[in-house]
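Breakdown of the fold
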Amino acid sequence: KSIEKQRQKIQIKEIDPCGYCNMKPLNEIVSHFGINANDNDIRHLGDGLINDTYKVTSVQAGDNSVYVLQRINHHIFKDVDKLQRNIEIVTRHIRCRLEAQGVKDPARRSLRFLHTQDTGKTYHFDGEDYWRMMVFIDNTFTRKAVTPDNAYRTGTAFGEFQYMLSDITEVLDESIPDFHNMEFRLTQFRDAVNSDIAGRASGVSDIIGELEHRSEHACLAERLHREGKLPKRICHCDTKVDNILFDQEGNVVCVIDLDTVMPSFVFSDFGDFLRTAANTGKEDDPDTANVEFNMDVFRQFAKGYLESAGCFLTPLEIKLLPYAAERFAYMQAIRFLTDYLNGDTYYKTEYPEHNLIRAKAQFALLRSIESKIDEMTDHIHNLTHV
């Protein structure tokens, strides 16, 4: 029966790009959040890869309220209750900080989730899927392209996001356990090499050796944390320019997509942005000559980030920001190569060597970053004198 239901859902999705024929089930879902089930215009929103997202516009007389409805991917976020608890804590804390600062319209500067009428939670479970609703923030847009100006504004936004949460006292859970744990990723990698399930290890022995050679340095953060020298902070852990809402003048309004907000090293937000945004090539570029680390993007992102976050970071955290860029290029190379060795079971691939090409492109980015460590270090020092 479950297979048949899944088949029917797939058929419906082929007919209706929103995945729900005539929107009747979606109107039923929104009714659990206190929204009239009959008078809504519901349309697909965005192109997110994880959650299905819809824009819900109330068309009742005299009501022009607009909301965002999301189906949470509970295959990735396995404990939805903990996930939503994290988000509630974070959004509530940010609103309190903004109100204390006297910021105009603080509700617009942080996501606001609706509670269900039956359970009072910020999500509804329909027996198969988990859903949540939030208030739509109007007159805003996201950006895809990264420019030095965007990088500066993005750095400022994520630095401020970390700063707003730097004094939080409530304990957050890991929404994806070991998400940015380098030692865990290396264990996965070594298991894949030793198992060699797909029989591919012998053909990539050179890159395996190169990555192993760098493994001790890659795990520096975990060692420093155990020694009590490096704290964990509340981080966004998915720092992309399109996870920020801008107003029509290009100013930052709000950080969005909070599913991965969890305790981590500040390197998660700093390094992961640069891994994608400062790469002159594509993540799966078959020509590694195209792959370089863009120092203009680095300089502007670092400048914006430190203007917002520099007031609470320790000298060691600031000093190791160039290491953050190395760490995340290395981590992604490890993850792509691990999946290649395991027979491509995690990432979607378009051809047999796709994950290997990805791993080689990330390794090329890593080598470019390594060649510019001194230049990055000098820039950080000039900004902070640390």
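The structure we're discussing is the one just above.
A short tour of the structure in this document, coming up. Just so it is clear, the model here is predicted, and its values are computed rather than measured.

A closer look at the packing of aromatic side chains
Geometry of an aromatic ring pair is reported as the spacing of the ring centres plus the angle between the planes. Per the stated rule, a full pass over the model turns up 15 aromatic pairs. Aromatic pair Tyr163 and Phe312: ring centres 6.4 Å apart, planes at 35°, arrangement tilted. Pair noted here: Tyr163 is in helix H4 (residues 148-164) and Phe312 is in the loop between helix H10 (295-309) and helix H11 (315-319), with a separation of 149 residues, a long-range link. With relative accessibility at 28%, the residue Tyr163 sits in the partly exposed group. Site record: aromatic cluster; members linked through ring pairs are Phe270, Phe273, Phe293, Phe298, Phe301 and Tyr305. In this structure, Lys55 packs its charged tip against the face of Phe136, placed 4.6 Å from the ring centre. Across from the ring centre of Tyr163, 4.9 Å away, lies the NZ or CZ of Arg97, which sits over that ring.

Topic: the sheet that holds strand E2 (residues 52-58)
Spatially, the five strands line up as an open sheet ordered E1-E2-E3-E5-E4, and their pairing is antiparallel. On the outer flanks of this sheet lie strand E1 (40-44) and strand E4 (124-125), each paired with one strand and no other. Bridge count between E1 and E2: five bridges; the pairing is antiparallel. Counterpart to His44 in the pairing with E2 is Tyr54. In the packing of helix H3 (residues 80-100) onto the sheet, contacts are made with strand E3 (66-72) and strand E5 (130-135), and the angle to E5 comes to roughly 15°.

A closer look at the pattern of salt bridges
Scanning all chains against the criterion turns up 27 salt bridges. Two residues, Arg92 and Glu170, come together in a salt bridge whose shortest N-O distance is 3.5 Å. Here Glu170 lies in the loop between H4 and helix H5 (182-195) and Arg92 lies in helix H3, a separation of 78 residues in the sequence. Since its relative accessible area comes to 37%, Glu170 is described here as partly exposed.

Some thoughts on the pairing of E2
Moving residue by residue along a regular strand, the side chains alternate between the two faces of the sheet. Across the seven residues that make up E2, a large majority, five, are buried. Examined bridge by bridge, E2 and E3 share six bridges and lie antiparallel to one another. Pairing of Thr57 across the sheet is with Val66, part of E3.

What to know about H4
Across its 17 residues, H4 extends 24 Å between first and last C-alpha, which sits within 8% of the 24 Å expected from 1.5 Å per residue. Regarding H4, the residues found buried are Asn150, Ala151, Thr154, Gly155, Ala157, Phe158, Gly159, Phe161, Gln162 and Met164. The elements touched by buried residues of H4 are H3, strand E6 (233-235), strand E7 (244-246), strand E8 (252-255), helix H9 (267-277) and H10.

Examining the environment of Ser175
When you line up the elements, Ser175 lands in the loop between H4 and H5. Sequence-wise, Ser175 and Ile76 are 99 residues apart; in three dimensions their C-alpha atoms are separated by 9.0 Å. For Ser175, the side chain forms a polar contact with the main-chain oxygen of Asp259, separated by 2.8 Å.

Structural notes on the side chain of Asn86
Looking at the secondary structure, you find Asn86 in helix H3. Exposure remark for Asn86: the relative accessible area of 1% places this residue in the buried category. For Asn86, the side chain forms a polar contact with the main-chain oxygen of Asp173, separated by 2.7 Å. Other than its neighbours up to four places away in sequence, Asn86 contacts Leu172, Asp173, Ser175 and Val261.

Focus on the state of the cysteines
Taken as a whole, this structure holds zero disulfides when the rule is applied. Free cysteine: Cys237, not disulfide-bonded; nearest cysteine sulfur from Cys235 at 5.3 Å. Distance from the sulfur of Cys254, which forms no disulfide, to the nearest cysteine sulfur (Cys96) is 15 Å. Judged by relative accessible area, which is 2%, Cys254 ranks as buried.

Quick look at the nonpolar core
Judged by nonpolar contacts, the single largest core of 63 residues is most densely connected at Phe267, Leu274, Phe293 and Leu337. Taken together, the elements giving at least two residues each to this core come down to H5, helix H6 (205-213), helix H8 (220-226), H9, H10, helix H12 (321-341), helix H13 (354-371) and helix H14 (373-384). Ranked by residue count, the leading element in this core is H12, at 14 residues. With residues up to four places along the chain from it excluded, the contact list for Phe267 reads Ala221, Leu230, Asp272, Glu317, Leu320, Leu321, Tyr323, Ala324, Arg327 and Phe328. Of all hydrophobic cores here, the second largest spans 38 residues; its members include Leu83, Ile87, Phe113 and Met164.

Calculation notes
Sequence order as written defines residue numbering, which begins from 1 separately in each chain. This being a predicted model, a pLDDT of at least 70 is required before a residue's local features are given, and a value of 80 or more before pairs of side-chain atoms are given or counted; all residues contribute to the totals for chains, interfaces and linings. Hydrogen atoms and water are omitted, and side-chain values are computed over all heavy atoms in the structure. Aromatic rings from Phe, Tyr and Trp, with only the six-membered ring used for Trp, were paired whenever their centres fell within 6.5 Å, and each pair was classed as stacked if the ring planes differed by under 30 degrees, edge-to-face if by over 60, and tilted otherwise. A run of H or I in DSSP counts as a helix once it spans at least four residues, and a run of E counts as a strand once it spans at least two, with each numbered from the N terminus. In this scheme, a residue with accessible area under 20% of its type's maximum is buried, one over 50% is exposed, and one in between is partly exposed, where area comes from a 1.4 Å probe on protein chains only. To sit over a ring, a charge needs its Lys NZ or Arg CZ within 6 Å of the ring centre and within 35 degrees of the ring normal. Strands were regarded as paired on the criterion that DSSP finds at least two bridges between them. The contact criterion used is simple: two residues touch if any of their non-hydrogen atoms lie within 4.5 Å. Lines fitted to C-alpha atoms define the axes, with helix axes restricted to the stretch in contact, and inter-axis angles between N-to-C directions lie between 0 and 180 degrees. Counted as salt bridges are all cases of a side-chain nitrogen of Lys or Arg within 4 Å of a carboxyl oxygen of Asp or Glu. Expected span of a helix, by definition, is 1.5 Å for each gap between consecutive residues, and there is one gap fewer than residues. Whenever a nitrogen or oxygen atom comes within 3.5 Å of another N or O atom, the pair is scored as a polar contact, on the condition that within protein one atom can donate a hydrogen and the other can accept it, and that pairs from neighbouring residues in sequence are kept only if both atoms are in side chains. In this description, the term disulfide denotes a pair of cysteine sulfurs within 2.5 Å. Each nonpolar core is a collection of buried residues, namely Ala, Val, Leu, Ile, Met, Phe, Trp, Tyr and Cys, held together in the definition by side-chain atoms within 4.5 Å.

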